[in-house]
Structure formats: structure tokens, C-alpha cells
Amino acid sequence: DSWFGLIYANPGSGKSVLLNSLNMDFAAYYPSSLTPFIGILDCGESAFGFIESLQASLPIERRNECACVSLRNEHGTRQYTTNPFDIGLGRRRPLQREKTFAMNFLLVMCSELDQRPGLSALIDSVVTQLYDRYSDMSVSSAQKIYQPDRDAVIDSALARVGIKVHDNLSWWQIVDKFMKAERPDLAERAQRYAVPQLSDTISILSSEELHKSHGEELCKLVRTQIDSAINTFPAFAGETQLDIGNARIVTLDLKPVINMNPVTKSDERSNLLFFMISRELFMKKISGDDGDIPAMLLPEGQTGQLYRDHWKRRYAEIHQTRKRFCFDEFHITGSSPIMASQIDQDVRQGRKWGLEILLVSQKLKDFEKYTEFAAKLYVLKESNKQEQDALKSIFGAPDAIAQMAMDLCTGPVPGVGSTILIRRAMKGHTSWHFGFNKLGPVRAWALTTTMEDRALKKALAEVTGDLSKALEILAGRFPNGSAKTYWDRVAAKYPPGTDIATEIARALINEHE
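First things first, this report covers the structure right here in the doc. Every chain begins its residue count from 1, and numbering advances along the sequence as written. Whole-chain, interface and lining totals are the exception, using all residues; otherwise, since this is a predicted model, local features are given only for residues with pLDDT of at least 70 and side-chain atom pairs are given and counted only at 80 or more. Side-chain metrics in this entry use all non-hydrogen atoms of the structure; hydrogen atoms and water are not considered.

**Regarding the overall build of the protein**
So, step 1. Helix and strand counts for the protein stand at 20 helices and 9 strands.
So, step 2. Rg of the C-alpha trace for the protein: 25 Å, near the compact-globule value of 24 Å for 513 residues, within the 12% margin.
So, step 3. Each principal axis of the C-alpha distribution contributes one length, and for the protein these read about 70 × 55 × 45 Å.
So, step 4. Working definition: with a 1.4 Å probe on protein chains only, accessible area under 20% of the residue-type maximum means buried, over 50% means exposed, and in between means partly exposed. Considering the protein as a whole, with its 513 residues, one finds that 54% of them fall into the buried category.
So, step 5. By definition, residues are in contact when any of their heavy atoms lie within 4.5 Å. For the protein, long-range pairs separated by at least 24 residues make up 73% of all intrachain contacts whose partners lie at least 6 apart in sequence.
So, step 6. Of the accessible surface of the protein, which amounts to about 23,200 Å², a share of 49% is contributed by carbon and sulfur atoms.
So, step 7. Under the counting rule used here, the positive set is Lys and Arg, the negative set is Asp and Glu, and His together with the chain ends is not counted. Charge positions are represented by NZ for Lys, CZ for Arg, CG for Asp and CD for Glu. Computed over 62 positive and 64 negative side-chain charges, the separation of the two mean positions in the protein equals 3 Å. Strands are runs of DSSP state E lasting at least two residues, helices are runs of H or I lasting at least four, and both sets are numbered from the N terminus onward. We compute the radius of gyration over the C-alpha atoms and compare it with the globule rule, which gives 2.2 Å times the number of residues raised to the power 0.38. For every accessible area listed, the method is Shrake-Rupley and the probe measures 1.4 Å; residues are considered covered only by the protein chains on display.

Next up, the structure:
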């Protein structure tokens, strides 16, 4: 009953502190030598302190299990490209959930045409034909041929593994050969070049077959929309380069690509696309179970069995590992029907997969669709009658509880903590509780999101060479979890261009010694 939670948080209400603390406990008290899977979609670096603290606690050889990734959408930044048509290793055809994602992605891309009759049916046909055309297992196969110098890692691995290069060597052949050589990591990398890309939809939409079945005019309109999107969104135009690799705990910072206050439909479309692709980056690592295997279109014979064995092992590990997905700033896209449908699907399937989902929004109304699923609701701050009424009408809060929330849930006090209203729905019974969230000084410093405090923590860790030592010094000197007041007082003493964080760090070390 606890697979889905909601956090309602106005700006300055301590949302980042609560979310980081919940995730720290989820990771620290996980009963396994393996780290759990945690994915965080955020607009900013508020979770970076959480990730850095976890990394510091792991052996050096395992620190790649935690990662902070920022997205970009600029021409010339190929390393940030993510292909929305990627599918699981070895599969020549997407599973239904992969196809649904690809269709939804194209529908959002073509949202200017969403009133056009027949649009969904056309997109369905495009996605189906796209994978058929570039598969090596279809009659009309136009599988992609290997080209040297596309990927230096693959080029050097071919000779090492003993794969002979010839003019008609296809990427799918390379994928299978790497799999036979027991290198699924290289097979996954090679498959990026075998699957269709956004630009491949243009030729599909130009085919006479689609013109006859869906109308030439609609095909041309969709083609124009996608052609424009390829120009507007270089982050989606090409094979995947943005790879979270072996990371099991990852925060994806969307701030560089998100319009925080969207004004136009174009802004809303862009925001939705980036949230969708970021969600997919994490979810494809942890979704599915062995019931998917019979539905996979794989090569015949021994090669197909290699893939089936791979997915059995992968799903066994995924199944045995707890997972959490945190969707921060949900208010930016929460009103989208497509996003609501995607979250609904994730929630329904998530319990089967052992996946907990947390949505964080500045609007209680964003949660209206999810009240029947939510096992937990955290209200961090209630500051006006409109919010009070929404708490009562959407979540059924009694008048007395709503009034107490207004009186008590007023946001965090530095060094003291904050009062939080918690609604729990367990086995058909709903209860309301007031809790107090207070961090000890070491954890407060580990999870700080204040710009100056993060800079000081980083500088002190670099000077001492030990994050734990840095946290100990900071917690002893500033037990309320912030040096912001001290920073503001001493900053004026230094000449322009001074690295203030490093100067304060050195002063603190001298004091400590």
C-alpha cells in the first residue's frame, strides 16, 4: 500500500531537504550489499549533495553507481543526445510500453496537430513501420550498415573481439556478435546505431503506402512538424550518446532545458518532451519482468537464447532490488493528459515491479487524478485559504486538520526544523498525522542545497581530501546546517576575484586545528 506518494511543497517550504532525507534513508537502510535504484528528475542541483554524500560512502570502484547528469539542447553538443526510439537489448521490435512511449513522444512533438482526425492512427503506423524497416528480421529490411569512425569504442572493440569488417556488415550483426562474445555492454552500445532515429520517420511519412492509408495531406503536415523538431531539438536527433551507464542512483537536472514559467504552447511542448525523455532514461533501467520475454522479437536459435538468458538474469536482479522514482517540479507538466496517462501506467505497473513513485508539486490540484492511488501525502506548507480548501476538497481533510495545517505547517526554521502534515491511506483506512522534520548537523550539511553552503562544503572537501572530515568540521562550526550568514559577513573583506569558499575553508581548518 505504500508504492505511491505525493509531496505538496511551495517554494521555500523545505521540499528539497525532505526529499533528500527520504532518499538518503532509502539508500542507507537498504538491506543489501547492492545499492537500490533511485531516479530523480529535478530542475536544478538540489539533489547533488545527496548523490555526492552517497558516492563518498562507497568504495572507489563503485562510485560510478551514483551519478549527477545535466541535460543540454544545443547544436554541437552531441554527447547529450538521447534517441526516443531506443529499445531493450536484442529486441527487433519494441514491447508495448516501449511502443506507447515512442508514439506519445511523436504525438507531443506534433501537438499543434492534435485536433486533426486520424493523427494517432498515423503515428501508430509510423512507429510500427519504422521498426519493421530497420530490423534484420523483416521482409522489407533496410537494416543499417556499419560505418567506421562513428564510434571509436566500437571500432577498437571489433578487432579485439575478432569481428571481421566487410562492406555489408550491419549494425545488427555487430550487436549479435558482441553478444556471442559475452560483451552485452558493447552489444548495447552498437544497438544505438541499429535502431531507427527521428530522422528516419521522414522517409516513412513520404511513402505512398502511408499516403494511401492515412492521406497525403496529414502525412505532409506530420512530416513538417517532425522536420522542424529535428532542427529545434538536437538532443533528440541522432543515436543516443547520453548514457547513465552503471549508475543505479541518478539525478537528472533538467534546468538547462526547461522553461520554468512556460508561456506558449511551444514552451509547454518542449518541457513535456524533456521530462518524458528523462523519465525514460531511468525507467528503461528498472522496468519490466520475465513475463516480457515471450513477447520479445529476438533472432532464432542460439543467438536468441543468449538474449533470453540475458533478460532472465537482468529481470531477476531488477525484481530483487527496491526502486524509487522521484518526479520533482511535477507542476510544470502535471496538467498534460499524456504525462498523466504515463504516470498512471507507471503507478499501476510499479507495484508489480517493486517501484515506489514520488511526485512533488507546487499545486495540490496536480494530484487530483491520483488520490485513489496515493498511500502517502506530505504537506510541507499551507499559506492561504485556497490551499486549505483544496486540501479539503481533493483529499477530504477534516476542517480541524486543514486549520491546524495552516497554523503549524509554515515552512522550515534554520536549526530547528519544520512541521509536516502527513496523510496515510493504508488498506482502505485514512489517517492524518503531524510530524516534525529535523536533521542533525552532519546530515543537514551533507544535504544542503544553498549555493554558498554547497560551494563551501566542496572547497573544504577538496582542501581536506575527505568529505566526511569536511562535514565534521562544518557541523561543529555551524550546527544549524548553514554558513550563509557568516559567508555574507566575511565576503566583503576579500578583494574581487577571490575564491571565497576556499578562503573560508582554509580559515575553518586553521580554527579546527
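**Description of the nonpolar core**
So, step 1. Core analysis: the biggest nonpolar cluster contains 115 residues, and Phe 178, Val 222, Phe 236, Phe 274, Leu 359 and Leu 391 have the highest contact counts within it.
So, step 2. Residue contributions to this core peak at 10 residues, all from helix H11 (residues 265-286).
So, step 3. If we ignore the near neighbours within four places in the chain, the residues touching Leu 359 are Phe 4, Gly 5, Leu 6, Ile 7, Phe 327, Phe 330, Ile 343, Phe 367 and Tyr 370.
So, step 4. Here, nonpolar core means buried Ala, Val, Leu, Ile, Met, Phe, Trp, Tyr and Cys residues that are tied together by side-chain atoms lying within 4.5 Å of each other. The next biggest cluster of nonpolar side chains, apart from the first, holds 48 residues, and it includes Met 24, Ile 473, Phe 478 and Leu 508.

**Here's the deal with the packing of aromatic side chains**
So, step 1. Stacked, tilted and edge-to-face are the three classes assigned to paired rings of Phe, Tyr and Trp, where Trp is represented by its six-membered ring and a pair needs centres within 6.5 Å; plane angles under 30 degrees give stacked, over 60 edge-to-face, the rest tilted. Throughout the structure, instances matching the rule amount to 17 aromatic pairs.
So, step 2. On the numbers, 5.5 Å between centres and 35° between planes, the contact of Phe 233 with Phe 236 is tilted.
So, step 3. Of the residues examined, Phe 233 reaches a relative accessible area of 3% and is grouped as buried.
So, step 4. Where Trp 311 meets Tyr 315, the ring centres are 5.3 Å apart and the plane angle is 35°; that geometry is what we call tilted. Of this pair, Trp 311 and Tyr 315 both sit in helix H12 (residues 301-319), 4 residues apart, which is roughly one turn of the helix. The pair formed by Trp 311 and Tyr 315 is uniform in burial state, with each residue classed as buried.
So, step 5. Members of the aromatic cluster, connected to one another through ring pairs, are Phe 4, Phe 275, Phe 282, Phe 325, Phe 327, Phe 330 and Tyr 370.

**Structural notes on unusual backbone geometry**
So, step 1. Positioned with a positive phi, Asp 149 is a non-glycine residue whose angle comes to about 75°.
So, step 2. Tracing the chain through its elements places Asp 149 in the loop between helix H4 (119-134) and helix H5 (152-161).
So, step 3. Asp 149 sits in the exposed class, given a relative accessible area of 70%.
So, step 4. One non-glycine residue, Glu 329, lies in the positive phi region at around 55°.
So, step 5. With respect to the element layout, Glu 329 can be found in the loop between strand E5 (323-327) and helix H13 (337-353).
So, step 6. For Glu 329, a relative accessible area of 9% corresponds to the buried category.

**A few points about the side chain of Glu 280**
So, step 1. Tracing the chain through its elements places Glu 280 in helix H11.
So, step 2. For Glu 280, a relative accessible area of 14% puts it in the buried group.
So, step 3. For the purposes of these results, a polar contact is taken to be a pair of N or O atoms within 3.5 Å, where, inside protein, one atom must be able to donate a hydrogen and its partner to accept one; residues adjacent in sequence count only when each atom of the pair is a side-chain atom. Within polar-contact distance, the side chain of Glu 280 engages the side chain of Arg 279 at 2.9 Å.

**A short note on the environment of Asn 73**
So, step 1. Structurally, Asn 73 can be placed in the loop between strand E3 (66-70) and helix H3 (96-109).
So, step 2. Between the C-alpha atom of Asn 73 and that of Ile 258, which follows or precedes it by 185 residues, the distance is 9.9 Å.
So, step 3. When residues no more than four places from it in sequence are discounted, the contact partners of Asn 73 are Thr 232, Phe 233, Pro 234, Ala 235, Val 257 and Phe 274.
So, step 4. From its side chain, Asn 73 meets the backbone oxygen of Thr 232 in a polar contact 3.1 Å long.

**Description of the packing of helix H6 (residues 171-180) against helix H7 (residues 184-194)**
So, step 1. In contact at an axis separation of 8 Å, H6 and H7 are set at 170° when each is read in the N-to-C sense. Considering the angle they form, H6 stands roughly antiparallel to H7. Of the residues in H7, those touching H6 at Trp 171, Trp 172, Ile 174, Val 175, Phe 178 and Met 179 are Pro 184, Leu 186, Ala 187, Ala 190, Gln 191, Tyr 193 and Ala 194.
So, step 2. Each residue gets one of three labels, nonpolar for Ala, Val, Leu, Ile, Met, Phe, Trp, Tyr, Cys and Pro, charged for Asp, Glu, Lys and Arg, and polar for the others, Gly among them. Its residues assigned to classes, the contact of H6 with H7 shows 12 nonpolar, 1 polar and no charged. As a rule, the C-alpha atoms of each element are fitted with a line to give its axis, helices using only the stretch in contact, and angles between N-to-C directions run from 0 to 180 degrees. In what follows, roughly perpendicular refers to angles from 65 to 115 degrees, roughly parallel to angles under 35, roughly antiparallel to angles over 145, and oblique to any angle outside these ranges.

**Focus on the pattern of salt bridges**
So, step 1. Here a salt bridge means any side-chain nitrogen of Lys or Arg lying within 4 Å of a carboxyl oxygen belonging to Asp or Glu. Applying the stated criterion across every chain yields a total of 36 salt bridges.
So, step 2. Ionic pairing is found between Glu 329 and Lys 15, a salt bridge with its closest N-O pair at 3.8 Å. Remark: Lys 15 occurs in helix H1 (residues 15-28) and Glu 329 occurs in the loop between E5 and H13; sequence separation between them is 314 residues.
So, step 3. For the salt bridge of Arg 92 with Asp 176, the shortest nitrogen-to-oxygen distance reads 2.8 Å. Residue Arg 92 is found in the loop between E3 and H3, and its partner Asp 176 is found in helix H6; the two are separated by 84 residues along the sequence. Both residues of the pair, Arg 92 and Asp 176, count as buried.
So, step 4. One connected set of salt bridges, linked through shared partners, spans Lys 385, Asp 389, Lys 392 and Asp 399.

**Things to note about the side chain of Glu 382**
So, step 1. Here Glu 382 shows up in the loop between strand E7 (376-379) and helix H14 (385-395).
So, step 2. What Glu 382 contacts, discounting residues up to four positions off in sequence, is Glu 387, Gln 388, Leu 391, Ala 402, Ala 405, Met 406 and Cys 409.

**Regarding helix H10 (residues 216-232)**
An α-helix turns once every 3.6 residues. As a result, residues three or four positions apart point the same way.
So, step 1. An ideal rise of 1.5 Å per residue puts 24 Å on 17 residues; H10 measures up with 24 Å between its terminal C-alpha atoms.
So, step 2. Where H10 is concerned, the buried positions are Leu 218, Cys 219, Val 222, Gln 225, Ile 226 and Ala 229. For H10, the angular spread of the buried residues around the axis is 130°, confining them to a single face. The exposed residues of H10 that point more than 90 degrees off its buried face are Glu 217, Thr 224 and Asn 231.
So, step 3. Packing partners of the buried residues in H10 comprise H3, H4, helix H8 (200-205), helix H9 (208-214) and H11. Expected helix span is computed as 1.5 Å times (number of residues minus one). This arc is taken over the directions from the axis of the helix to the C-beta atoms.

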